[in-house]
Amino acid sequence: MVVQDNVDAPGVPLEPFLHQVGGHLSVMRYDEHTVCKPLISREQRFYESLPLAMKRFTPQYKGTITVHLQKDSRGRLSLVANPLTENRGPFTVSTESAAVAIWQTLQQTTGGSALPLAQWQHPQRAHSLKESPATALLRSELHLKAQVPSLVEDANGNLTEKGSFNPWGLHCHQAHLSRLCAEYPENKRHRFLLLENVVSQYKHPCILDLKMGTRQHGDDASEEKKARHMRKCAQSTSAHLGMRICGMQVYQTDKKHFLCKDKYFGRKLSVEGFRQALYQFLHDGTRFRMELLEPIQHQLQALLSVIRSQSSYRFYSSSLLIIYDGQETPQTPHGSSVIKVDVRMIDFAHTTYKGSWNEHTTYDGPDPGYIFGLENLIQILQRIHEGQ
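Residues numbered from 1 in each chain as written. Predicted model: local features only at pLDDT ≥ 70, side-chain atom pairs only at ≥ 80, totals over all residues. Heavy atoms only, no water.

Student: Before we go on, may I ask you to explain the overall build of the protein in this structure?
Tutor: A tally of helices and strands in the protein yields 10 helices and 15 strands. For the protein, restricting intrachain contacts to residue pairs at least 6 apart in sequence, the fraction spanning at least 24 positions comes to 78%. Split by element, the accessible area of the protein, about 17,800 Å² in all, is 50% carbon and sulfur. (Helix = DSSP H or I, 4+ residues; strand = E, 2+ residues; numbered from the N terminus. Contact = heavy atoms within 4.5 Å. Areas by Shrake-Rupley, 256 points an atom, 1.4 Å probe, with all protein chains shown as cover.)

Put into structure tokens, the structure is as follows:
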């Protein structure tokens, strides 16, 4: 499915997606229920030929859209999409939008133009650079409550958001703007994928992003890239567990903010460190959310069954999201509560399967690396459940 653009209609300003916890491509918020990301042909083909059994474990694919850079009268850069021609109500961006306010403040702080990419690198790589208010958002572990209010004041000096946000999405957004400014003219049209916002129904979405499998490079990777990815896998839990943490955010109910970890944190973890991080992901700052274990395990078992049935698929470099709400569900009059958790596969730019276009390498049977990772994840959660 390809959704056509209405090139004559006013553009839709795209907001940085504040719940992006991992990855390197910028994910943008199109509307409350939809996000978009740069189109990669292989990923688009995957979504368009998605096996029926996998649809419950992937974001809904909504088509594609055209996006371009735009600079306002104050020199602030943004990405603007041509709105869809389907029958929707008029799209407006609230002036109270936290994402817009945060991004505009960062633009003002940094002089209105895209920062050099080096300034947005992880502090371990950029420790010699003078830290700006923007780069201060990019530390490995951030308790953001104190920083956020000063960054989200609206034009009237009122706070647009009293909670907190994960800085990773802003990091990816700035890096993406830097690349677009450096490599393309401002009026260049770029194609983006439109996908379901899988956390739109959560008040305080707690998200764990796991890079799955024992191999991360695609079949089309250069020898240099292949060696780099193999080294990362060998030096992390990818080799030992078939997965590693690429990012997470956990809502801390006692302090009213998100505790955030990034991919650099995940790369350094030992097997035991991974188990402890998984425990931390299910801890809200006051107690361990034991009630989440069973529904998460149930969904992972269902996904494992689906993956085992997908012959020839190799989900290289894809991620698995585990999601739950940091806002606990109130109990019903009968003393029970509905526990909402979700498990979704994302990022299919390097996925290969029989019948995919222009594939020179095909595989038999299901993806052994992905299965290895899922089995280990289920086992670790079971041991946590049993108190081991």
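Student: How do you make sense of the packing of helix H9 (residues 293-308) against helix H10 (residues 368-385) when you look at a structure like this?
Tutor: Think of two packed helices as two axes; the pair is described by the angle between the axes and how far apart they sit. The contact between H9 and H10 brings their axes to 10 Å, and the two run at 160 degrees. Between H9 and H10, the angle is such that the two are roughly antiparallel. In terms of crossing hand, the pair formed by H9 and H10 is left-handed. Side by side, H9 and H10 meet where Leu293, Ile296, Gln297, Leu300, Gln301, Leu303, Leu304, Ile307 and Arg308 of the first sit next to Tyr370, Ile371, Leu374, Glu375, Leu377, Ile378, Leu381, Gln382, Ile384 and His385 of the second. Residue composition of the contact of H9 with H10, grouped by class: 13 nonpolar, four polar and two charged. (Axes fitted to C-alpha atoms, helices over the stretch in contact; angles between N-to-C directions. Parallel < 35°, antiparallel > 145°, perpendicular 65-115°, else oblique. Left-handed = near helix turned anticlockwise from the far one by under 90°. Nonpolar A, V, L, I, M, F, W, Y, C, P; charged D, E, K, R; others polar.)

Student: Hey, could you run me through the packing of aromatic side chains in this one?
Tutor: Centre-to-centre distance and the angle between the planes together describe a pair of aromatic rings. With the rule as written, the count across this model stands at 15 aromatic pairs. Plain terms: the ring middles of Phe46 and Tyr313 are 6.4 Å apart, the flat faces sit at 80 degrees to each other, and that makes the pair edge-to-face. Placement of Phe46 in helix H1 (residues 41-48) and of Tyr313 in the loop between H9 and strand S12 (314-316) is noted, with a sequence separation of 267 residues between them. Owing to a relative accessible area of 0%, Phe46 belongs among the buried residues under this scheme. Accessibility expressed as a relative area gives 9% for Tyr313, which makes it buried. Aromatic pair Phe46 and Tyr353: ring centres 6.4 Å apart, planes at 65 degrees, arrangement edge-to-face. Taken together, the residues span a long stretch of sequence, with Phe46 in helix H1 and Tyr353 in the loop between strand S15 (350-352) and H10 at a distance of 307 residues. For the pair Phe46 and Tyr353, one class covers both residues: buried. (Phe/Tyr/Trp six-rings, centres within 6.5 Å; stacked < 30°, edge-to-face > 60°. Buried < 20%, exposed > 50% of the residue type's maximum accessible area, 1.4 Å probe, protein only.)

Student: How should I be thinking about the environment of Gly63 in this particular structure?
Tutor: Relative to the helices and strands, Gly63 is located in strand S5 (residues 61-71). For Gly63 and Cys36, which are 27 residues apart along the polypeptide, the C-alpha to C-alpha distance reads 9.6 Å.

Student: Where do I start with the pattern of salt bridges in this structure?
Tutor: Inspection of every chain in the model, using the stated rule, returns 16 salt bridges. A salt bridge links Arg29 to Glu15; its shortest N-O distance comes to 3.6 Å. With Arg29 in strand S3 (residues 28-31) and Glu15 in strand S2 (residues 15-16), the pair connects residues that are 14 residues apart, well separated along the chain. Judged by relative accessible area, Glu15 falls into the buried class, the value being 6%. Between Arg287 and Glu291 there is a salt bridge, with the nearest N and O atoms lying 2.9 Å from each other. Judged by its relative accessible area of 26%, Glu291 falls in the partly exposed class. Taken together, the shared-partner salt bridges connect Arg287, Arg289, Glu291 and Glu328 into one network. (Salt bridge = Lys/Arg side-chain N within 4 Å of Asp/Glu carboxyl O.)

Student: Is there a simple way to explain the environment of Tyr202 in this structure?
Tutor: Relative to the helices and strands, Tyr202 resides in the loop between strand S8 (190-196) and strand S9 (205-212). Beyond its immediate sequence surroundings of up to four residues, Tyr202 is in contact with Ile323, Tyr324, Asp325, Lys340, Val341 and Asp342.

Just distances and angles here, no functional claims.
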